[in-house]
Amino acid sequence: MYNHLVINSTSLKNKQQLTEELLCLMLKTQSKIGISITLLLFLSLGLCYSYYTPLWNPPDEERHFAYCEYIAQNHKLPEYRSDLEKNIVGLAFHPPLYYLIGSLFCKDDGRLLEEEITVNDGPGFITIVHPKEGIEFPYSGKARSAHLLRLFSLALSALTIYFIYLLVLKIFPGEMILASVTALFVATIPQFLHVSASISNDNIATTFSTAYLLSLLYYLENPFKLVRLSISGILLGFCLLSKSSTLFYLPVTICIIIWICFRRRKNPVMSLFVILCMVSLVAGWWYLRNWSVSNDPLLTKTVVALNPWFLRLTHPSLSDWQTIADQTFTSFFGYFGALQFSIQKFHLLIYGGIILFGIIGFCYLLVKRMLTVYQSKALGICFLSFLGGVGMFIFLNTKYVGLSMGRYLFIVIAPIAILTFVGFRSLLTPRWRNPVLIALSILLIILNLDLLFRVIKPAYVETSLVEGVDQPGFCCPSAEIKRDTTIAQTFVSPSDNLCAIRVMFSSLNKPKCGEIIFVLMEGRNTEKVLRQIKLPLREINDFTQHFFIFPPIKHSMGKEYTFCFSSPTISTENGVSLWYESSEGYSGGRMIVNGEPTIGDLYFTAYHFTGEHPKTDWQGRRKIVIKQGQYITIREFQLYHERSKEFRIKTKTHEKINRAQKALKNRKFLVSGNNNA
C-alpha cells in the first residue's frame, strides 16, 4: 500500500513537471510567433514604403548619402567649417557612426551624387530626381548603393522593434500579447516606417537608444555588476556617436544611478565612473576632435554661422508653441517628404485617441499602485528617459527654428510606446485585455495599409502633367490684392485638358485671416466662370508657389483664358501681391489690373493633363490648391552650395538665385519709395 502511494505521488509530480514544461514551451512558441509576425510585417511594410518612395525624397536623404560617399571616396571624415564654400558635406556636424558603416555600401567611383541628381521644379511631390540610368530594379551605380543603405536602415529599425518587445517582457514577464502589440504599434507608425525605409542617422540613434534603455533595466536588476555597467556605458557611447541629441541620456543616466544607489545605500561614484569611462572611450574622441579643430564640441556654433536663419531670434510665443505642437504631433505619425503631405485627419484622430487612453490609463495605474516594485522602478526609468527626450526637444525648439519634426522624438519612441500601452492595459479587465489588444493590432495594420495605398503610393506616381504656357520671369510684386484691387492674366492654351495654373505670391506681412479667390474664365468674359478655388491667407508666405488645380478642361486647345485673383476680405494693411515681369515676357497674353490691361505678365505656368482619367489631386481629380513651397527651397539651396563652384554656376538654381536677388532689390526699392512718399 505504501509503495503504491509513493508510485502515485511520483507519477503526479512527473505529470505536474511535464505540464509545466509544456506550458513553458507553449509560452516560448507563442512568444516567438508574436514577435516573428510583427517583424515580418514590419519588414514587408518597410520594403513597400521604400519601393513606393523615390530615392532622395525622404528628409535629407541625398545629404546623408553624400556623407557616406565622402568617407568611401576619401577614407577620412569630412571637416565642418564655418565657411560655406569649403563644406562639401552639409551634414558633417552629425556624429559619424551611421556614416562610417554606411560608407561600406558606397563605391569609390570618383563621381559625386550632388552632380548627378537634379531638382524637380515642376508639379508633383518628387523634389529630387535621379538619372534614369540604374534607377530600375535590380539597380546599379549610386542607386544600388542607396537601396542597400535603405535596407541597412530597415534592419536597424527591425532591431528597435525587437528591443521594444524585450523591454515590455522585461517589465511584464509572460505578457507576450502586450509586448507584441506594443512593438506592432511602433512598427505600424507611418512616419517611423517612412524614416526606417530611408537613408538617415535617425535609425541608428533610435536603435542604440532603445538598446541602452533595455540595458538600464538589466542594470536595475543587479546594479553593481561590472559587466552590466560596462555594457550600458558602451551602448550609451554608441548613442552619442550616432546623434548629438541623445546627449540628454547623460544627465538622465546620472540621475538614475544616483537614485538606485541611494535606495540601496551604496556609493554611486564607482558606477558613474565605469559608465562615463566607457562613454568616453567610445564617443569621446569625436567631441574632442571638434573641440580641438573648431573650439566647438557639438558644432552648433558652426551650424548657426552657416545657417543664420536657423537661430530663433525671439522666444517662441504661445501661437508659436501651438504651431510646434501641431506639427510635432502630425509629423510624429506621418508628414512625408519635405513636409509636403501628411496622413489624413481620421488617422490622426485614431492615433491621438490611443495616446489619450494611454495617458489616462497610466495616471490610473499610478493612483491605484497596481505594480510590483521592479515594475514601478522600470517604468520610472522609462518615464525619466521620456522626460529627458522631450526636454531636449523643447530646448532645441526654443533656441532654433525648423526642428518641430516628430522624428526627432524617435530616440524615445520606446518609452512613449511602453508607457502608452501599459496605461492602455490598465484600463482593460483581464477578461477583455487580450481580445481588445488583438483587435487594436488589426486596426493599426489596416490603417497603415490604407495610408500606404491611398496616400503614399498615389503621391509619388507620375503626375502626367506637361507645361503649356510658361512665363518664368519676374522682377517686381504687383499691386496688392485686396477689397478694391484684382489681378488677372490672359493666355492662350496650346493644348487640350488644361488643368492647373501655378503662380507665386509676394507677402511682406503674412496675413492671418481671410482668403484669396482664384477664378478661371474663358476669354475675357467675367460672366463665364469655369473654375473657382479659395485659398486661406494663412497658407501664403513670401515667395511661395501655389498650384491651383482643377478637373481638366477637355477642349481647351487654342482658346483664350483669363485667371483672376481677388479678395473681398483683405484690408489695406494685409494685402498680398503676385510676382510679375514688367517687360513683355509672354506675347500671347497680358496682365490685367482692375480690368485694365497693363504692361507686363505675371509669373505663371499653365499645365495640361496627358492621361485618360485623373486619379490623383495633381492630375485634377478635384479642385484643390497644392503648396509647392518656396521659389528656392532650403533643400535646393543646401544642395546648390554643397556642389562644386564650377558645377553650381551651370545649374538652374544659379539662375533662380540671381533672378530672386534682383527681384528682392526691386521690391525693397519700391517699398522704400512708397514709405518716403
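A short tour of the structure in this document, coming up. Keep in mind that what you see is a predicted model, and the values were worked out from it rather than measured. (Residues numbered from 1 in each chain as written. Predicted model: local features only at pLDDT ≥ 70, side-chain atom pairs only at ≥ 80, totals over all residues. Heavy atoms only, no water.)

## With respect to the environment of Glu 655
Next, step 1: Summarising the element assignment, Glu 655 is placed in helix α19 (residues 652–676).
Next, step 2: Residue Glu 655 is classed as partly exposed on the basis of its relative accessible area, which comes to 47%.
Next, step 3: For the pair formed by Glu 655 and Ile 540, sequence separation is 115 residues and the distance between their alpha carbons is 24 Å. (Helix = DSSP H or I, 4+ residues; strand = E, 2+ residues; numbered from the N terminus. Buried < 20%, exposed > 50% of the residue type's maximum accessible area, 1.4 Å probe, protein only.)

## Considerations on the sheet that holds strand β10 (residues 529–536)
Next, step 1: With respect to topology, six strands assemble into an open sheet ordered β10-β9-β12-β7-β14-β15, the strand pairing being antiparallel. The open sheet terminates on both sides in strands that have one partner only, identified here as β10 and β15 (596–598). Averaged over all adjacent pairs, the angle separating strand axes in this sheet is 25 degrees, with direction ignored.
Next, step 2: Sheet topology places strand β9 (residues 515–522) next to strand β12 (residues 560–566); six bridges connect them, and they run antiparallel. (Pairing = 2+ DSSP bridges. Axes fitted to C-alpha atoms, helices over the stretch in contact; angles between N-to-C directions.)

## With respect to the packing of helix α13 (residues 345–368) against helix α15 (residues 413–426)
Next, step 1: Running from amino to carboxyl end, α13 crosses α15 at an angle of 70 degrees, the nearest separation of the two axes being 6 Å. Comparing their axes, α15 and α13 come out roughly perpendicular. As α13 packs across α15, the resulting crossing turns out to be left-handed. Contacts between α13 and α15 pair Ile 354, Ile 355, Phe 357, Gly 358, Gly 361, Phe 362, Tyr 364 and Leu 365 from the former with Leu 419, Thr 420, Phe 421, Val 422, Gly 423, Phe 424 and Ser 426 from the latter.
Next, step 2: Taken together, the residues that form the contact of α13 with α15 break down as 10 nonpolar, five polar and no charged. (Parallel < 35°, antiparallel > 145°, perpendicular 65-115°, else oblique. Left-handed = near helix turned anticlockwise from the far one by under 90°. Contact = heavy atoms within 4.5 Å. Nonpolar A, V, L, I, M, F, W, Y, C, P; charged D, E, K, R; others polar.)

## Overview of the state of the cysteines
Disulfide: a covalent bond connecting the sulfur atoms of a pair of cysteines.
Next, step 1: Applying the stated rule across the entire model yields zero disulfides.
Next, step 2: Here Cys 239 is not cross-linked by a disulfide; its sulfur's nearest cysteine counterpart is in Cys 382, at 14 Å.
Next, step 3: No disulfide involves Cys 475; its nearest neighbouring cysteine sulfur is the one of Cys 476, lying 3.2 Å away.
Next, step 4: The buried category is assigned to Cys 475, whose relative accessible area is 12%. (Disulfide = S-S within 2.5 Å.)

## Regarding the side chain of Ser 200
Next, step 1: Structurally, Ser 200 is set in the loop between α6 (190–196) and α7 (202–221).
Next, step 2: Those residues in contact with Ser 200 that sit more than four places away from it in its chain are His 64, Tyr 98, Ser 153 and Val 195.

## Overview of the pattern of salt bridges
Next, step 1: Per the stated rule, a full pass over the model turns up 24 salt bridges.
Next, step 2: The closest approach of N and O atoms between Glu 221 and Lys 170, which form a salt bridge, is 2.9 Å. Taken as a pair, Glu 221 in helix α7 and Lys 170 in helix α4 (residues 141–171) lie far apart in primary sequence, 51 residues in all.
Next, step 3: Overall, the relative accessible area of 40% leaves Glu 221 in the partly exposed class.
Next, step 4: Between Lys 482 and Glu 480 there is a salt bridge; the shortest N-O distance is 4.0 Å.
Next, step 5: Here the residues in one salt-bridge network are Glu 69, Asp 109, Arg 111, Glu 116 and Lys 142, joined through shared partners. (Salt bridge = Lys/Arg side-chain N within 4 Å of Asp/Glu carboxyl O.)

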